[in-house]
Structures are given as structure tokens and as C-alpha cells.
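Each chain is listed here by its residues.
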Amino acid sequence: QLQASGGGLVQAGGSLRLSCAASGRTFSSYFMGWFRQAPGKEREFVAAISGDGSGTYYAGSVKGRVTISRDNAKNTVYLQMNSLKPEDTAVYYCAAGPRGSTDARAYDYWGRGTQVTVSS
């Protein structure tokens, strides 16, 4: 089970840190990903991290502004978002899967999303 939190309303240029807490004892064996979905748009890949945290992957639209990390001792993955833009407004979802991918279909488990709204 995955539970995302940390969303909110922020002004453009601001920062937010999203968290995703996972239950279970095999957290470190899963790739973790963050996706987002804006109204009227398809769900899109944001970032992913390997099970041991050694590999990270980012969408071009967020690279340089977003950092994904994880704490396996806490079964938690984070998404630090800086220099937020209005176009970052979306519901953000965390997901877990056996391999890293930008394709949402590669992930087996999904949490409920957390809303991020960036005002201009």
C-alpha cells in the first residue's frame, strides 16, 4: 500500500516536497516512480528511482528542478520539487514496480494522488 502526501498550493517559483510511504517488507526491492496527471491530460512520468537509490531518472520537463530520493529504512520515497511552474499543477501519484520505466503500465502498485497547485 502506498500513501502519498505533501501536496498543496504554492506560488510559482516555490518548492514542495512530496512523500510516499509504503507498507510491506520488500520496499527496497521495488523501483519507485512518480507520475502526474493534469485535468484533461494523460498521466505522465515525472521521475523514478531504483531500489537501492543508485539510479534516478527524470522527465525532461522537470529535470534540474526535481529530485527523487528514497529512505529504505523508512519505506519512503520523496520528490523534492523546486522552481515550480503553473504547468506543474497536477495530481501526483507514486507507484512501485519491479523495474524502472517511464511507462505507467510497468508499475504494479499505485497510491492515491496528492494535489499540487502552482499559482502564477
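Please refer to the structure higher up on the page.
The paragraphs below set out a description of the structure included in this document. Just so you know, these numbers come straight off a predicted model, no measurement behind them.

### As for the overall build of the protein
Point 1. Along the backbone of the protein there are zero helices and 11 strands.
Point 2. Counting helices and strands in the order they occur from the N terminus, the protein gives β-β-β-β-β-β-β-β-β-β-β.
Point 3. The C-alpha radius of gyration of the protein comes to 13 Å, within 12% of the 14 Å expected for a compact globule of 120 residues.
Point 4. Reported as C-alpha extents along the three principal axes, the dimensions of the protein are approximately 40 × 25 × 25 Å.
Point 5. Pairs at least 24 apart in sequence give 55% of the contacts found in the protein among residues at least 6 apart.
Point 6. About 6,300 Å² of surface is accessible on the protein, with carbon and sulfur atoms providing 45% of the total.
Point 7. One way to put it: in the protein the 13 positive side-chain charges average out to a point 3 Å from where the 8 negative ones average out.

### Section: the nonpolar core
Point 1. The biggest cluster of nonpolar side chains holds 34 residues, and the ones touching the most others in it are Met32, Trp34, Val77, Leu79, Met81 and Tyr92.
Point 2. Contributing elements (two or more residues each) for this core: strand S1 (2-5), strand S3 (16-22), strand S4 (31-37), strand S5 (44-49), strand S7 (66-71), strand S8 (76-81), strand S9 (90-97) and strand S11 (114-119).
Point 3. Apart from residues lying up to four places away in sequence, leucine 79 is in contact with Leu16, Arg17, Leu18, Trp34, Val46, Ala47, Val66, Thr67, Ile68 and Tyr92.

### Describing the state of the cysteines
Point 1. Under the counting rule described, the total for this entry stands at one disulfide.
Point 2. Residue pairing for cysteine 20: its cysteine sulfur links by disulfide to cysteine 94, the two sulfurs lying 2.0 Å apart. Around the S-S axis, the bridge from cysteine 20 to cysteine 94 shows a dihedral of about 60° and counts as right-handed. Remark: cysteine 94 occurs in strand S9 and cysteine 20 occurs in strand S3; sequence separation between them is 74 residues. Here the two residues cysteine 20 and cysteine 94 agree in accessibility, since each one is buried.

### So, the packing of aromatic side chains
Point 1. Inspection of the entire model under this criterion finds six aromatic pairs.
Point 2. With a centroid separation of 5.2 Å and an interplanar angle of 75°, the aromatic rings of phenylalanine 35 and tyrosine 107 are classed as edge-to-face. Taken as a pair, phenylalanine 35 in strand S4 and tyrosine 107 in the loop between S9 and strand S10 (109-110) lie far apart in primary sequence, 72 residues in all.
Point 3. Relative to tryptophan 110, the ring of tyrosine 107 lies with its centre 6.3 Å away and its plane at 70°, an arrangement referred to as edge-to-face.

### Describing empty space enclosed by the protein
Point 1. Taken as a whole and assessed by the stated rule, the structure comprises one cavity of 30 Å³ or more.
Point 2. Counted as a void, the largest cavity has a volume near 30 Å³.
Point 3. Taken together, Arg36, Val62, Arg65, Val66, Met81, Asn82, Leu84, Asp88 and Tyr92 make up the full set of residues lining the largest cavity.
Point 4. Partitioned by chemical class, the residues of the lining of the largest cavity number five nonpolar, one polar and three charged.

Cut-offs applied
- Residues numbered from 1 in each chain as written.
- Predicted model: local features only at pLDDT ≥ 70, side-chain atom pairs only at ≥ 80, totals over all residues.
- Heavy atoms only, no water.
- Helix = DSSP H or I, 4+ residues; strand = E, 2+ residues; numbered from the N terminus.
- Rg over C-alpha atoms; globule rule 2.2 N^0.38 Å.
- Contact = heavy atoms within 4.5 Å.
- Areas by Shrake-Rupley, 256 points an atom, 1.4 Å probe, with all protein chains shown as cover.
- Lys, Arg positive; Asp, Glu negative; His and termini not counted.
- Charge placed at Lys NZ, Arg CZ, Asp CG, Glu CD.
- Core = buried A, V, L, I, M, F, W, Y, C linked by side-chain atoms within 4.5 Å.
- Buried < 20%, exposed > 50% of the residue type's maximum accessible area, 1.4 Å probe, protein only.
- Disulfide = S-S within 2.5 Å.
- Phe/Tyr/Trp six-rings, centres within 6.5 Å; stacked < 30°, edge-to-face > 60°.
- 1 Å grid on protein atoms, 1.4 Å probe; cavity = no way out; pocket = protein on both sides within 12 Å on 5 of 7 lines; lining within 4 Å.
- Points joined across faces, edges and corners; volume = space filled by probe spheres on them.
- Nonpolar A, V, L, I, M, F, W, Y, C, P; charged D, E, K, R; others polar.

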